[in-house]
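# Structural overview
Below are the chains, spelled out letter by letter.
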Amino acid sequence: MNQCRLRSLVRVRRSLALGLRATDHHILARQALRTIQTTAQGRGVHDLDSFANGCSAAYIEGLYNKWKRNPKSVDESWNELFSGDDRTTAKRRPLPASHFRKYRRPPVERTAMKARSGARTASGGASAAPAAPPSDWKNIDDHHVIQAIIRAYQSRGHLAADLDPLGIVGPKKLKSVDGTHRHAAREVLRQHYSYIFNDLNTMFKLPSSTMIGGDQEFLTLKEILDRLERIYCGHIGVEYMQITSLTKTNWIRDRFEKPGGLDLTKEEKKLILERLTRSTGFENFLAKKFSSEKRFGLEGCDIMIPCIKEVVDRATKQGVESILIGMAHRGRLNVLANICRKPIADILSQFHGLKATDSGSGDVKYHLGVFQERLNRQTNRMVRITVVANPSHLEHVNPVLLGKARAEMFQRGDTCGSKVMPIIIHGDASFSGQGVVYESMHLSDLPSYTTYGTIHIVSNNQVGFTTDPRFSRSSRYCTDVAKVVNAPILHVNADDPEACIQCARIVTDYRTRFRKDVVIDIVGYRRNGHNEADEPMFTQPLMYQRIRKLKPCLQLYAEKLIKEGVVTDSEFKAMVSNYEKICEDAWTKSKAVKSIKYSSWIDSPWPGFFEGRDRLKLCPTGVSTDTLKTIGEMFSTPPPSEHKFEAHKGILRILAQRTQMVQDKVADWSLGEAFAFGSLLKEGIHVRLSGQDVERGTFSHRHHVLHHQKEDKVVYNSLDHLYPDQAPYSVCNSSLSECAVLGFEHGYSMASPHALVIWEGQFGDFCNTAQCIIDTFIASGETKWVRQSGVVMLLPHSMEGMGPEHSSGRMERFLQMSDDDPDVYPDTCDADFVARQLMSVNWIVTNLSTPANLFHCLRRQVNMGFRKPLINFSPKSLLRHPLARSPFKDFNECSSFQRLIPDKGPAGKKPEGVKKLVFCSGKVYYDLFKERDDHQQVETVALVRVEQLCPFPYDLISQQLELYPKAELLWAQEEHKNNGGWFYVQPRFDTALLKNENESRCISYRGRPPSSSPATGNKVQHYSEYKALIKSVFGELTPENKKRLEEQIKKQQAKAKADAQSKPSTKPPSTPPKGGSTPPPAPTGPQPRKPLISMPSRPPRGGKQRSGSAPAPDLVDEASAARNTEPDSPAHDGASPSAWKRSGSAPAPSLAPRASAPRSPSKAQTYRNPPSPAHDGAAPSTRQDSSEFIKRRPAKDSGSRSRTQKNPEESELDPTRPEH
């Protein structure tokens, strides 16, 4: 629609609305309206009221705003329309109501068009907006534009900053009306771009959102643009407007925008030149002496060394006592020489290829770490600087460094990061390309993982090995990953040393002020290839043509300072020659070095730990019964009543069961673990447990942290309240990360030997995503870097029909990386054999089967005279297995860790009658234990548990081989043949057998066949594999076996039924009887909830008994229970029960009859079966309060749940599946 028709339409509508009838103008208007209506209908527009809306209305509004500023700026007809000056109108008469169409809007008032934000009437219609007050609206709008321009520079000025020293990527300078070249283009200013070509001498009042004026309130447009250009589009590009905190953004704005804030004195400039001379001089010296050696020099980004030194100086002045640096290989030697001040002669000796005088493999020189404590000359304060050793996996040192920094903060009592500061140096390609960076970033604000701010320095070469940034990342900057934590990012041109130093100061002050992460992106280049022997022209010819022509940063800066008169040419040459002399002297000293020591490059020394300590002495791990009772009672007691803590009813039942176990002096898995933690805390050993869901436990067994059911963030941890002078206990759920969190805990364990640091995987095979940390740090860290660690990995592991990714902890991988020789039989006659074997291996691998052994194993970690990583394959169903319990006597002072548990049952007492000697490890023992009884082979098959797989217990294995000289030797495992421990133990069994000249036997394999998948996801196939395993060990069940089992089951069912009927009822009449009797009529009123029975090992969900699941003992007859009263119970002695449920037999009855029977004070029943929730395991003294632990079902459901559906609080816990 053209402008003429639009004006006509507006005038017509206005005339009609004002009631201009019986006038010439009105007649003409009606004719024009019909004409426009005809045209509009031809174009598909039928509503004249909406015809002038949309884009046409926007056009009219624009004209109206223009007319308000200057009535002469619009056409005369529009001026008449907007002013209401209608000279042709006659006397007005209102239109009758019938003339208005039903859908027409209320008539428009004669005043000017409505303002955008006009008030609304109560009925929803638009009320008349008052006329705009007289004011200089154009001036106001101009100020708004200036404010938008300032914000555009603040938000997007970095897009036009001159950051690339090579000039390959950068802004295009555009000439303004005054002839000034400006960087900011349309991508920065966007819709306000054309405004900068207006009158540049116009004066504007500065808004409060900028500080570019300093003390001046008014600046010309030219001065505003010039200052913004210098600040945001110079050699520094600042990304900070993504930060949501106004305090932080104002602080950064103040540091950058205030006039003179980035100026340096002559002395400061001279110091920068001296440090840059050392940085460049070191690289030049290495290039001259070792031209063909790989050293991964820093040429092209030499300014990084002065930047780090500035950070160290400023942080030390602010009270930091320890600085930890993590970095990859590029520039490491320079950092060691000029930041840590490692003697240059020691560094140069690494190039000579000398023999080491201590054990270990060592590592290449640009992977080594160092620990130096020195005086900072600028601040005259002592500072400890640590460079953490790192493999070639670049960014994987990040979480290790963060964990070590966090541990140092704990040791120093630094609760806010004021004494310890981590610095991480990144490469541009790895910073954006490796996922561990993202995982580590997300630890920055987690309460149990924060380091209260890390300074990230990116050495940006603008190329990753041979890959251009356009092919290595999708983001504009390599640092965009830091935006996930709202970190400010400072991009700076590496050829502007002064700008780099200012950025170093600002990031240090920001970290000190806000305790948050901050990033410097030093944009430089790489003068050589990836290493000094590489030819970069193959892949980046144009880039390196420019680099060849470019002067080094040192030369450019020296020329600048000489021109400014800060230094003279002779002074600069003297700086260069002095440092060359230092390097030459060090070169001469390095030639006299004939050997090297790996231990001199250790990054985590433990002063005082090894001095005067007998490393071969293994201290006792048992504790007194009184200590066990104290820990057990506190661990099983709800929060004190004065805390008014409302715990979950299910938690109260669990605590009651623990109380009963303490009274009966037996411990399940969670209680055994608590004994280990509590006793170490009593001895002053800090315990830290970390991982996904560890506070509760993946399988809901631990429950160390109790949550208030009515108040948020109110928790209770009983292990924090054992003793008044105990060590701190830290249990913390981690982020959903394995790689970063395991690396963090490994770094935490490096800081001090006086701590037990544990990482638990949600499932064992979740360690797949942490394999880099395991391979390059934990498995080989001591061998490469002489760095010990006592970190513990708990990996839930067992084949229970849960699928390929929830079954195996990949035991075979850890055993394959063990460095003990399978073909060498050690000297077992040595009195210190056990300690020597532990000390010589790279780590310890266990597959424990009893809570007592877990207790001793964890305590042994901190009682040894050295530290080794411990890899334990922890159980799942055994967490609640009735046989996987240990009496208190297995924890006392006379007990110790059992590397191998022999068969103490009938087979062990009469070894001459044993036909098969079956070695096994872990949970499969309990399956074999039950099946051996079902097959009635208790006296002919001996079951021996190998609890410690690595180092291999040769001495104990040899004893078992000699004890059963006629038995067939078998190794039974539930894993597939190419998994598990078979390939590790087979050659070691052969070595043990060959030791005896009269031995002619060999060991055979019994287990699942090889498979590329760790486990099957089909329950039927899982059970078929299980039956094949059992058959290969014990053979088929005989008819007599089957008949005996069926009779025992029937007998037990009958006995359970009789016990239930003979027991006097203690429940309301409405409670249905148990044991299979006929249920009474359904009650009509509220009824008590049926007690939940804690099954020892439940069958898989949704199927028949034992369908696709490995069998587990559920029923125990009287004879078996009686045997448990003997000192050596079946859980330890290998004796078998006589009646357990079997596949193919009648369905086994529930344990409810036994739970309903009168409680016997005998220890046997409580040892064999966990206390039933019906009685809550409460002691007689607390029995009257048992109703507190039982959830009663309400009579009516206030929600949509049916009456028969369980409340979530009442749902039974599955012992083998996590609760998600």
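Located above this text is the structure these notes cover.
These lines cover the structure that appears in this document, whether it is placed above or below. In this text, all values refer to a predicted model and were calculated from it rather than measured experimentally.

Reading the values: the criteria
Residues numbered from 1 in each chain as written. Predicted model: local features only at pLDDT ≥ 70, side-chain atom pairs only at ≥ 80, totals over all residues. Heavy atoms only, no water. Pairing = 2+ DSSP bridges. Helix = DSSP H or I, 4+ residues; strand = E, 2+ residues; numbered from the N terminus. Axes fitted to C-alpha atoms, helices over the stretch in contact; angles between N-to-C directions. Contact = heavy atoms within 4.5 Å. Core = buried A, V, L, I, M, F, W, Y, C linked by side-chain atoms within 4.5 Å. Buried < 20%, exposed > 50% of the residue type's maximum accessible area, 1.4 Å probe, protein only. Expected span 1.5 Å × (residues − 1).

Spatial ordering of the open sheet is given by β5-β12-β13-β11-β10-β6-β9-β8, a layout of 8 strands whose pairing is mixed. Each of the sheet's edge strands pairs with one partner strand only, and the pair in question is β5 (236-239) and β8 (370-376). In this sheet, neighbouring strand axes are inclined to one another by 20 degrees on average, regardless of whether the strands run parallel or antiparallel. In the sheet, β5 pairs with strand β12 (residues 489-493) via 4 bridges, with the strands oriented antiparallel. Note that in β12 the partner of Val238 across the bridge is Leu490. Its contacts with the sheet place helix α11 (residues 304-317) against β6 (322-327), β8, β9 (381-387), β10 (420-427), β11 (455-460) and β13 (518-523), and it is angled at close to 165 degrees to β10.

Strand order in the open sheet made by the 5 strands is β25-β27-β26-β29-β30, with mixed pairing throughout. The two strands at the open ends of the sheet, each matched to only one other strand, are β25 (900-901) and β30 (1004-1008). Taken together, the 4 bridges between strand β26 (residues 916-920) and strand β29 (residues 968-976) define a ladder with parallel strand orientation. Of the residues in β29, the one forming a bridge with Phe919 is Trp971.

For the rest of this paragraph, the subject is the pairing of β8. Here 7 bridges tie β8 to β9, and the two strands are oriented antiparallel to one another. Looking across to β9, one finds that Phe371 is bridged to Thr386. The turn joining β8 and β9, which pair antiparallel and follow one another in sequence, is formed by 4 residues; a positive phi near 60 degrees is taken by Asn380.

This part covers the nonpolar core. Residues Ile325, Ile522, Met793, Phe814, Phe919 and Trp971 are the most contacted members of the largest nonpolar core, which totals 180 residues. For this core, the element with the most residues is helix α18 (residues 497-514), which contributes 9 residues. Beyond its immediate sequence surroundings of up to four residues, Phe919 is in contact with Val944, Val946, Ile957, Gln960, Leu961, Leu970, Trp971, Ala972, Phe989 and Ile1003. One finds Trp669, Leu681, Ile685 and Val705 within the second-largest nonpolar core, a separate group that totals 51 residues.

Let us now look at helix α23 (residues 649-664). End to end, α23 covers 23 Å across 16 residues, agreeing with the expected 22 Å (1.5 Å per residue, within 8%). Across the 16 residues of α23, 13 count as buried, placing the element largely inside the fold.

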